Amino acid sequence: MHAVPPTGIGLGLRGAFLAQIAAGAADGRIAFVEVAPENYMHRGGPVPRRLDTIAERFDVITHGLMMSLGGTDPLDDAYLADLERFVQRCGTPWHSDHLCFSGTDGAWLHDLLPVPFTSKSARHIATRIQRARDRIDRPMAVENISWYLHLGEPAQTETEFLSEILDRSDCGLLLDVNNVFVNAKNHGFDPYGWLQAIPLERVIQLHIAGHEAWDDTLLVDTHGATVRNEVYELLAWVIERTGPKPVVLERDANIPPLEVLLDEVAAIDRVYQAAVARWGVRAERTKVGT
Amino acid sequence: MTAPTWPCIEALSIAIRQQSADSSLRANPAGFLQGLGVSSADADAMLKHGAERILLYRRLVHNRLRRATREFIPRTVARLGKARFRMDFARFVEDHAIATPYLRVVPETFVAWVVEPWRNDPAVPAYLIDLAHHELLSETVKHDWRGGEPPTGLPLALEYPLRFDGAARLLHYAYPVHRLPLDIDDRTEPVADPIALLVYRDRTDDVRYLELDPFAAATVQALMVEHLPVAQGLRRACESLDTPLDDERLATAAQLLADLADRGVMLGANPV
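What comes next is a walk through the structure. Note that the structure is predicted; figures quoted are calculated from it, not measured.

**Here we look at helix α5 (residues 158-169) of chain A**
Residue and element names in this part refer to chain A.
- With 12 residues, α5 should reach 16 Å at 1.5 Å per residue; the first-to-last C-alpha distance of 16 Å fits that figure.
- With nine of 12 residues buried, α5 lies mostly within the body of the structure.
- Of the positions making up α5, those classed as buried are Glu158, Thr159, Phe161, Leu162, Ser163, Glu164, Ile165, Leu166 and Ser169.
- Tucked inside the fold, the buried residues of α5 contact α4 (119-136), β7 (140-143), β8 (172-176), α6 (177-187) and α7 (191-197).
- Looking at the residues trailing α5, positive phi occurs at Asp170, about 55°.

**Quick look at the sheet that holds strand β4 (residues 207-212) of chain B**
Residues and elements named next belong to chain B.
- In spatial order, the strands read β2-β3-β4; together these three strands make up an open sheet with antiparallel pairing. Only two strands of the sheet have a single partner each, and these edge strands are β2 (169-173) and β4. Mean inter-strand twist for the sheet, computed between neighbouring axes without regard to direction, equals 30°.
- Across six bridges, strand β3 (residues 195-201) lies against β4 in antiparallel orientation. The residue of β4 that forms the bridge with Leu197 is Glu211.

**Some thoughts on the interface of chain A and chain B**
- Listed by partner, the interface residues are 47 residues for chain A and 37 residues for chain B.
- For the chain A and chain B pair, buried surface summed over both sides reaches about 3,800 Å², with 64% attributable to carbon and sulfur atoms.
- When the shortest N-O distance is used, the salt bridge between A:Asp111 and B:Arg64 registers 3.5 Å.
- Across the chain A-chain B interface, the total number found is 15 residue pairs in polar contact (both at pLDDT 80 or more).
- Those elements giving two or more residues to the side of chain A that touches chain B turn out to be α2 (46-57), α3 (77-90), β5 (101-104), β6 (107-113), α4, α6 and β11 (218-220) of chain A.
- In terms of residue count, the dominant contributor to the side of chain A that touches chain B is β6(A) (seven residues).

**Points about the sheet that holds strand β9 (residues 203-208) of chain A**
All names here are of chain A.
- Pairing in this closed barrel of eight strands is parallel, and the strands run β1-β2-β3-β4-β7-β8-β9-β12 around the ring. Strand-to-strand, the axes of this sheet are offset by a mean angle of 30°, without reference to chain direction.
- Here strand β4 (residues 95-98) pairs with β7 via four bridges, running parallel. Residue Asp97 lies in a different strand from β7, and its bridge partner there is Val142.
- Docked against the sheet, helix α8 (residues 229-242) engages β8, β9 and β12 (246-249), running at close to 165° with respect to β9.

**With respect to the packing of α6(A) against α8(A)**
Residues and elements named next belong to chain A.
- At their nearest, the axes of α6 and α8 sit 9 Å apart, and the two run at 125° to each other. When the axes of α6 and α8 are compared, the pair comes out oblique. Relative to α8, α6 is oriented so that their crossing is right-handed. Residues Val177, Asn178 and Phe181 of α6 touch α8, and the partners they reach there are Glu230, Val231, Leu234, Leu235 and Val238.
- Looking at the contact of α6 with α8 residue by residue, the classes come out as six nonpolar, one polar and one charged.

**A closer look at the pairing of strand β10 (residues 212-215) of chain A**
Residue and element names in this part refer to chain A.
- Where β10 lies against β11, three bridges are found, and the strand directions are antiparallel. Its bridge partner lying in β11, Asp215 is registered against Leu218.
- Connecting β10 to the next strand, β11, in antiparallel fashion are two residues.

Reading the values: the criteria
Residues numbered from 1 in each chain as written. Chains lettered and ligands numbered in written order. Predicted model: local features only at pLDDT ≥ 70, side-chain atom pairs only at ≥ 80, totals over all residues. Heavy atoms only, no water. Helix = DSSP H or I, 4+ residues; strand = E, 2+ residues; numbered from the N terminus. Expected span 1.5 Å × (residues − 1). Buried < 20%, exposed > 50% of the residue type's maximum accessible area, 1.4 Å probe, protein only. Contact = heavy atoms within 4.5 Å. Pairing = 2+ DSSP bridges. Axes fitted to C-alpha atoms, helices over the stretch in contact; angles between N-to-C directions. Buried area = accessible area lost by both parts, 1.4 Å probe. Salt bridge = Lys/Arg side-chain N within 4 Å of Asp/Glu carboxyl O. Polar contact = N/O pair within 3.5 Å; in protein donor to acceptor, adjacent residues only side chain to side chain. Parallel < 35°, antiparallel > 145°, perpendicular 65-115°, else oblique. Left-handed = near helix turned anticlockwise from the far one by under 90°. Nonpolar A, V, L, I, M, F, W, Y, C, P; charged D, E, K, R; others polar.

Function-wise, these values are silent; they only describe arrangement.
Pasting the structure below:
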């Protein structure tokens, strides 16, 4: 039996504040935690024990880094076997990974590398999502990544590509609104137009994060800064249309004290609650209209 | 040679891994990509923002892997120098396919790979290999998935092997690098003085180091590393030191094993 998904604002768990969260520092201030299984699998000592303590306090959603769904090497069976054990133990309602490749020819590059926006690539990825889902015996969601170049001549727009994958694999979308913003700025498109072109009914979770400008023409998704207002607005736009969802604040670089992150969670929650209220009004109007 | 099925993916991977890719891409970006089987239309798309965007991925990957490694061996990298570390790391990324999906295993892979080049390079201080292993071990022992096993509950018996904590390791250093100051800016150079060290995780998850004299090291080697039954292991230890197994040695061994049991390293007899 899979867990009932949480909603509200959660925090991506990181080593920098793992002990504090295990000790109760975030009790009552976050709705759930999101964990990267790779940080806990094959690991002993204090870290997995702290995660067990945290899992007694909060719902856990798993979000992986190394499935390499867009990769050309076969899916790593040993990795998937370990992942299956981990997700079962956590009781996560679904497991997500990225629309990217992470290595080739047996060499892991440990990053989120872009994939070609073609139907061939979409079919390849959709098949791998289904295989992975069967292997780990959990529903799957995929996350849109920040990409800094087209990996070949695009035969589809990103939204067409994404939609084809979601349809073919029948999986959920982990919508990263910061990645939408970063891509829109780097490639010169309207983020709201992008959001209108994707199947919002597939969104089962959201990510929100900060980014940094590396030069005048390039934003990089570093997760190393506070969330910008424009990204808050994208989040609100989505929640107003989808209703309550789990939203994760991610921070991986320049990590501030936990208290600062928890204040940021509270700020996101205010935007989120207002958007949920507007979604409720919309839903009511729709009901009256029918 | 057959054409690659996913030429753009393979080309980006090569641009990230190959040491010469940086200069090749800057000199002739389209030629570089087309030489790897990328069509001219695909190459144009990849180069829409210039070669810099491809090199950005190279930078992101190398930075992430180097940062993860530096976090595990900070004093080694500080003593080696950033420029040399970057150079060695770039060679490592090209030469050695990182075969693990776990980022935290990359530092261990790098150190295993770099031992040979460092050993053969007089510009690298000889003690640095020991220091890299030592720093690495602090992390790997702390987070080893083994360790913390319960005692067997069985008393020591001469005819049986012993069980030891799964995270414990016996190390042999040519230099006593474990005595170097922890200050990252310290540049004290250790004097060669071979030493054996037992590294283990205590009950509060702290990593501890125990210097072993030659007899203790030989005993731990025989009993913990080679899993020999106690009597055979003690004979082996004495043979290796060319010394008789007399009452004094037996008493010393008993004291050592009692100490290791107190530390939670020796867990009792292991008849299976």
